[in-house]
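# Structural characterization, general
Residues per chain, in single letters:
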Amino acid sequence: MTEVTLNRVGALPQIFPNPDDYLFVTGLAGPARDAAALTSDGANMFTMAGCMGAATSMGLGMALGAPDRNVVVIAGDGEMMMNIGSLATVATQAPKNLTVVCVDNGGHGETGGQDGHTSARTNLAKVAEGFGFEKVLTVSSEAGLKDAAEFVAAGDGPRFLWLRVMAGEPTKFKRNLNPMECRVRFKNAFQAA
Amino acid sequence: MSGDVHPHDPWSRALFKQFKAAGVSLFSYIPDAGNARLVELADADNEMRTVLLTTEEEGVSLAAGADLVGQKAVLMMQSSGVGNCPNFLSFVKGGGFPILMMVSMRGDYGEQNPWQYPMGEAVEPILEAMGVLIFKVERADELEGAANAAINAAFRGGKAAALVLSQKFLGAKAF
């Protein structure tokens, strides 16, 4: 596969220049920090710090429940692999308003950088296509971020963006880890919108 | 069996009506004989959405996502699927997400398949360990009250609630 040269820090803001336009849900660890920095831990984002594997189906629940809002899932490769079948569930439901972004550093950054399956033979773009996603894009360099920004903004979903990034520290950002507070914050902001 | 009435049709119709009246619009499931008719009824209703899952835990987070945008979901599974859910049930204790489940039992009254017993016996301890309230149905006349209690516990009480349909109620499968 292509060499990965993309630095994760600063990538998401180039893909989502107007983050207020979306509802976000993230998995745990590094991608949650990258995403929280994107919205400054905004009320339109629900981030997790546990329940590994839950992000995609949570995003599906949001997308089906709020069909007039654009929903984005941001999750790491470990998170994605843990509940890879949820991509089939999304493909079958085919919500037009859902985008899944996998921030793939090739391993488990949170626990010491141990290699993951995508460092070996797993190709998540082919996996997503195989499950039935018709819109799939792989980006692994700074130059591809413009394509990624166009991809997430164009036409109907569901979409799968495989964002392959170099190993390295995620964005430095401290977010609220209290799930009760974050749930109430999100619900209140959603109702008020 | 075209022309015949599905054996679970009468109670499934009644329960579907209760779920609908409670505002449930998303029905997620792993197929089981005990939820088959209910899924058909939801599929036939334009206001309802059925979501076939690949594993039961997906349905827990799907319900949490629906709650974030003000919608209500029910997650339907066979008892063996309860074993796939505990980690995601953290949403309940940690975040107060309302989660309504319907569990059709195997491995209890009259079971003939030895593979079903271990999880059948573990359903209640697992649900209790994760803070899920159990509303058990053994007789047909218990269904309406138990379903109401589970619906209220979830959507008014902000709890996780499981409507557990026993094999005494559903009937055991012959092997």
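Residues numbered from 1 in each chain as written. Chains lettered and ligands numbered in written order. Predicted model: local features only at pLDDT ≥ 70, side-chain atom pairs only at ≥ 80, totals over all residues.

## What to know about the overall build of chain B
In terms of helices and strands, chain B carries 7 helices and 6 strands. In chain B, the succession of helices and strands from N to C terminus is α-β-α-β-α-β-α-β-α-β-α-β-α. Relative to a compact globule of 175 residues, whose C-alpha radius of gyration would be 16 Å, chain B shows 15 Å and is just as compact. The principal-axis extent of the C-alpha atoms belonging to chain B is close to 40 × 35 × 30 Å. The contacts in chain B between residues at least 6 apart in sequence include a share of 74% that link residues at least 24 apart. (Helix = DSSP H or I, 4+ residues; strand = E, 2+ residues; numbered from the N terminus. Rg over C-alpha atoms; globule rule 2.2 N^0.38 Å. Contact = placed C-beta atoms within 7 Å.)

## Some thoughts on the nonpolar core
Ranked by size, the top nonpolar core spans 113 residues in total, and within it A:Leu163, B:Leu75, B:Ile99, B:Val103, B:Ala150, B:Ala162 and B:Leu163 carry the most contacts. Setting aside chain neighbours within four positions, we find B:Leu163 in contact with B:Met101, B:Met102, B:Phe135, B:Val137, B:Ala146, B:Ala147 and B:Ala150. (Core = buried A, V, L, I, M, F, W, Y, C linked by C-beta atoms within 7 Å. Buried ≥ 20, exposed ≤ 12 C-beta atoms within 10 Å, placed from the backbone.)

## Side note on the interface of chain B and chain A
Taken together, the contact pairs 27 residues of chain B with 28 residues of chain A. Elements supplying a minimum of two residues to the side of chain B that touches chain A: strand 2 (49-52), helix 3 (56-68) and helix 4 (90-95) of chain B. Counting residues per element, the side of chain B that touches chain A draws most heavily on helix 3 of chain B, which supplies 8 residues. Split into classes, the residues belonging to the side of chain B that touches chain A amount to 14 nonpolar, 11 polar and 2 charged. (Nonpolar A, V, L, I, M, F, W, Y, C, P; charged D, E, K, R; others polar.)

## Describing helix 1 (residues 9-21) of chain B
Residue and element names in this part refer to chain B. For helix 1, built from 13 residues, the straight-helix expectation of 18 Å at 1.5 Å per residue is met to within 8% by its first-to-last C-alpha distance of 18 Å. For helix 1, the complete set of buried residues consists of Ser 12, Leu 15, Phe 16 and Phe 19. Here the buried residues of helix 1 occupy an arc of 105° about the axis, which is enough to place them on one side. In helix 1, the exposed residues that point more than 90 degrees away from the buried face are Pro 10 and Ala 21. (Expected span 1.5 Å × (residues − 1). Arc of directions from axis to C-beta.)

## Brief notes about helix 5 (residues 117-129) of chain B
Residue and element names in this part refer to chain B. Between its first and last C-alpha atoms helix 5 spans 19 Å; for 13 residues at 1.5 Å apiece the expected length is 18 Å, and the two agree. Of all the bends in helix 5, the greatest reaches close to 40° and is centred on Val 123; the proline Pro 125 follows between one and four positions later. Those residues of helix 5 that are buried lie in contact with strand 4 (99-104), strand 5 (132-137) and strand 6 (160-165). Directly after helix 5, the chain includes Gly 131, whose backbone phi takes a positive value near 80°. (Bend = angle between axes of the 7 residues up to and from the residue.)

## As for the environment of A:Pro67
Its location among the elements puts A:Pro67 in the loop between helix 3 (55-65) and strand 3 (70-76). With 31 residues separating them in the primary sequence, A:Pro67 and A:Ala36 have C-alpha atoms 23 Å apart.

## Side note on the sheet that holds strand 3 (residues 72-78) of chain B
Backbone hydrogen bonds hold the strands of a sheet together, and the pairing may be parallel or antiparallel. All names here are of chain B. With parallel pairing, the 6 strands of this open sheet are ordered in space as 2-1-3-4-6-5. Edge positions in the sheet fall to strand 2 and strand 5, since each of these pairs with one other strand and no more. The mean angle between the axes of side-by-side strands here comes to 20°, regardless of whether they run parallel or antiparallel. As judged from the 6 bridges shared by strand 4 and strand 6, these two strands associate in the parallel manner. Along strand 6, the bridge assignment pairs Ile 99 with Ala 160. (Pairing = 2+ DSSP bridges. Axes fitted to C-alpha atoms, helices over the stretch in contact; angles between N-to-C directions.)

## Considerations on the confidence of the model for chain B
Chain-level statistics for chain B give a pLDDT mean of 95 and a share of 97% at 70 or above. Both scores are given for the predicted complex: the pTM is 0.96, the ipTM 0.96. (pLDDT = per-residue confidence, 0-100.)

## A word on the packing of helix 3 of chain A against helix 5 (residues 86-93) of chain A
Helix-helix packing is characterised by the crossing angle of the two axes and by the distance between the axes. Residue and element names in this part refer to chain A. Interaxial distance between helix 3 and helix 5 falls to 9 Å at its minimum, and their mutual angle equals 20°. One finds that helix 3 runs roughly parallel with respect to helix 5. The chirality of how helix 3 crosses helix 5 is left-handed. Within the contact between the two elements, helix 3 uses Thr 56, Ser 57, Leu 60 and Leu 64 and helix 5 uses Ser 86, Leu 87, Thr 89, Val 90 and Gln 93. Residue classes in the contact of helix 3 with helix 5 are distributed as 4 nonpolar, 5 polar and no charged. (Parallel < 35°, antiparallel > 145°, perpendicular 65-115°, else oblique. Left-handed = near helix turned anticlockwise from the far one by under 90°.)

## Some details on the environment of B:Met77
All names here are of chain B. Within the secondary structure, Met 77 sits in strand 3. In this structure the C-alpha to C-alpha distance between Met 77 and Val 103, which are 26 residues apart in sequence, comes to 5.2 Å. Not counting the four nearest positions on each side in its chain, Met 77 is found in contact with Tyr 29, Ile 30, Asp 32, Glu 56, Val 82 and Val 103.

## Some remarks on the pairing of strand 5 of chain B
Residues in a regular strand project their side chains so that they alternate between the two faces of the sheet. All names here are of chain B. Relative to strand 6, strand 5 is paired through 6 bridges, and the arrangement is parallel. Its bridge partner lying in strand 6, Phe 135 is registered against Leu 163. Since strand 5 and strand 6 lie parallel, the crossover through helix 6 (residues 143-155) that links them has a hand, and here it is right-handed. (Right-handed = clockwise from strand over helix to strand, strands pointing away.)

## So, the sheet that holds strand 2 (residues 45-46) of chain A
Residues and elements named next belong to chain A. One open sheet accounts for 6 strands, arranged 2-1-3-4-8-7; its pairing is parallel. Looking at strand neighbours, the two that pair on one side only are strand 2 and strand 7 (135-139), the edges of this open sheet. Both strand 4 (residues 98-104) and strand 8 (residues 159-164) contribute to a ladder of 6 bridges, which runs parallel. Its bridge partner being in strand 8, Asp 104 is matched across the sheet by Arg 164.

## Remarks on the pairing of strand 4 of chain A
Residue and element names in this part refer to chain A. Burial of strand 4 is extensive: 7 of the 7 residues sit out of reach of the surface. The alternating pattern of strand 4 places Leu 98, Val 100, Cys 102 and Asp 104 on one face and Thr 99, Val 101 and Val 103 on the opposite face, and all of these are buried. In the sheet, strand 3 pairs with strand 4 via 6 bridges, with the strands oriented parallel. Bridge assignment links Val 72 to a residue of strand 4, and that residue is Thr 99.

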